[in-house]
Amino acid sequence: MSNNIADRLSTAYHQLQEFMQQQQINRPVSLIAVSKTKPLAAIAAAYQAGQRDFGENYVQELQLKATAASDMPEIRWHFIGPIQSNKTRDIARFASEVHSVERAKIAQRLSDARPEHLPPLGVYIQVNISAEPTKAGCLPDDVLPLAHVISQLPRLALRGLMAIPTPARDGDNSASFAAMAALSSALQQQFPMATALSMGMSDDWQTALCHGATAIRLGTAIFGTRDTQPHE
Ligand SMILES: *Cc1c(COP(=O)(O)O)cnc(C)c1O
């Protein structure tokens, strides 16, 4: 299994590098390995192969894995799942970055709970870019007011925006990525430090990169298909 993961990682980085060269993308892009539902052994295999950024969707899983990964000192956990307000404390303790902040109350709680001995928690505002009623994220009009709140909170560092557009398999989703790029420029007019754009998954990372993504989140491409759904 470990060889398999190392191979997939190396393939993913090669494809990323090749695509960036081809498209003349010169900004730094990070690859987050989304390890939700995967065992610690899979994470250890990826870490062994040099991977440092990992994404998790479920707070309890993050807590268990982060606690068990004490022999992987350079690991950075990205929390990318829905946030309930009673779970903010563990996210603030274990994550380096949170990609799924969508309201002021959650931001406030994360700031309050961020331990003093850690650097400020990196925050991405999640945007419901296709404005689907069932989807997570704030509406585009709410981004600037929420960015203002986050920028005032002492234990948070505003990084930028995140989105999960409708999957590419359900039709061309490039308009959503383009809308995110426009929103990101508007945000940077007022918050020049908020340059990050977290978008693109195993099926659509190329499209995301063409529209300014600075962090892509790959699960299946690195760890294979997910067969279990954990419960919280
Ligand atoms: C699961 C998940 C991913 C990874 O999806 P793949 O299609 O397996 O690459 C990325 N981002 C979020 C928010 C996810 O929940």
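## Concerning the environment of Ile164
Thought 1: Within the secondary structure layout, Ile164 lies in the loop between β6 (156-163) and α7 (174-190).
Thought 2: If sequence neighbours within four positions are ignored, Ile164 has contacts with Gln126, Lys135, Met201 and Arg217.

## A look at the packing of helix α6 (residues 143-152) against α7
Thought 1: At their nearest, the axes of α6 and α7 sit 11 Å apart, and the two run at 40° to each other. Classified by the angle between their axes, α6 and α7 sit oblique to one another. The interaxial crossing formed by α6 with α7 has right-handed handedness. Side by side, α6 and α7 meet where Val143, Leu144 and Ala147 of the first sit next to Leu183, Ala186, Leu187 and Gln190 of the second.
Thought 2: Tallied by class, the residues present in the contact of α6 with α7 amount to six nonpolar, one polar and no charged.

## Details of unusual backbone geometry
Thought 1: The backbone of Gln24 sits at a positive phi, close to 55°, despite the residue not being glycine.
Thought 2: Tracing the chain through its elements places Gln24 in the loop between α1 (2-23) and β1 (30-34).

## What about the site of the ligand?
Thought 1: Neighbouring the ligand are 13 residues; Lys36, Asn57, Ser202, Gly219 and Thr220 lie closest to it.
Thought 2: Interatomic distance of 2.8 Å between a side-chain N/O atom of Arg217 and a nitrogen atom of the ligand.
Thought 3: Between Arg226 and the ligand, the recorded distance is 2.9 Å, taken from a side-chain N or O atom to an oxygen atom.
Thought 4: Expressed as a share of its isolated accessible area of 390 Å², the protein-covered part of the ligand is 90%.
Thought 5: If you map the ligand onto the pockets, it falls in the largest pocket.
Thought 6: The residue inventory of the shell around the ligand, partitioned by class, reads six nonpolar, four polar and three charged.

## What about the nonpolar core?
Generally speaking, a soluble globular protein has its nonpolar side chains buried in company with each other.
Thought 1: Core analysis: the biggest nonpolar cluster contains 65 residues, and Phe54, Ile125, Ile150, Leu161, Met180, Leu209 and Ile222 have the highest contact counts within it.
Thought 2: Per-element accounting of this core gives the leading share, six residues, to α1.
Thought 3: Setting aside residues up to four positions removed in sequence, Leu209 forms contacts with Leu16, Phe19, Met20, Ile25, Arg27, Val29 and Ile216.

Cut-offs applied
- By convention here, each chain's residues receive numbers from 1 onward along its written sequence.
- Side-chain atom pairs in this predicted model are given and counted only at pLDDT of 80 or more, local residue features only at pLDDT of at least 70, and totals for whole chains, interfaces and linings cover all residues.
- Here the side-chain values reflect all heavy atoms present in the structure, with hydrogen atoms and water set aside.
- Strands here are runs of E lasting at least two residues and helices are runs of H or I lasting at least four, both read from the DSSP assignment and numbered beginning at the N terminus.
- Here, two residues are considered to be in contact whenever any of their heavy atoms come within 4.5 Å of each other.
- For helices, the fitted line uses only the C-alpha atoms of the stretch in contact; every axis is such a line through C-alpha atoms, and the angle between N-to-C directions lies from 0 to 180 degrees.
- Throughout this description, any angle smaller than 35 degrees is read as roughly parallel, any larger than 145 degrees as roughly antiparallel, any in the 65 to 115 degree range as roughly perpendicular, and the remainder as oblique.
- Left-handed describes a crossing whose near helix is turned anticlockwise from the far helix through less than a right angle; right-handed describes the clockwise counterpart.
- Note on residue classes: Ala, Val, Leu, Ile, Met, Phe, Trp, Tyr, Cys and Pro are nonpolar, Asp, Glu, Lys and Arg are charged, and everything else, Gly too, is polar.
- The near set for a molecule or strand comprises every residue that places at least one heavy atom within 4 Å of it.
- Each polar contact in these results corresponds to two N or O atoms within 3.5 Å; when the atoms are within protein, one needs to be able to donate a hydrogen and the other to accept it, and residues that are neighboring in sequence are counted only if both atoms are side-chain atoms.
- The Shrake-Rupley method, run with a 1.4 Å probe sphere, supplies the accessible areas, and residue values consider only the shown protein chains as cover.
- The rule is simple: put a 1 Å grid over the protein atoms alone, call a set of points where a 1.4 Å probe fits but cannot get out a cavity, call an open set with protein on both sides within 12 Å along at least five of seven lines a pocket, and count a residue as lining if it has an atom within 4 Å of a point.
- Put plainly, a molecule is in a cavity or pocket when over half of its atoms are within 2 Å of the grid points there.
- Nine residue types can take part in a nonpolar core, namely buried Ala, Val, Leu, Ile, Met, Phe, Trp, Tyr and Cys, and a core is a set of them joined through side-chain atoms within 4.5 Å.
- Note on classification: 1.4 Å probe, protein chains only; a residue is buried when its accessible area is under 20% of the maximum for its type, exposed when over 50%, partly exposed between these limits.

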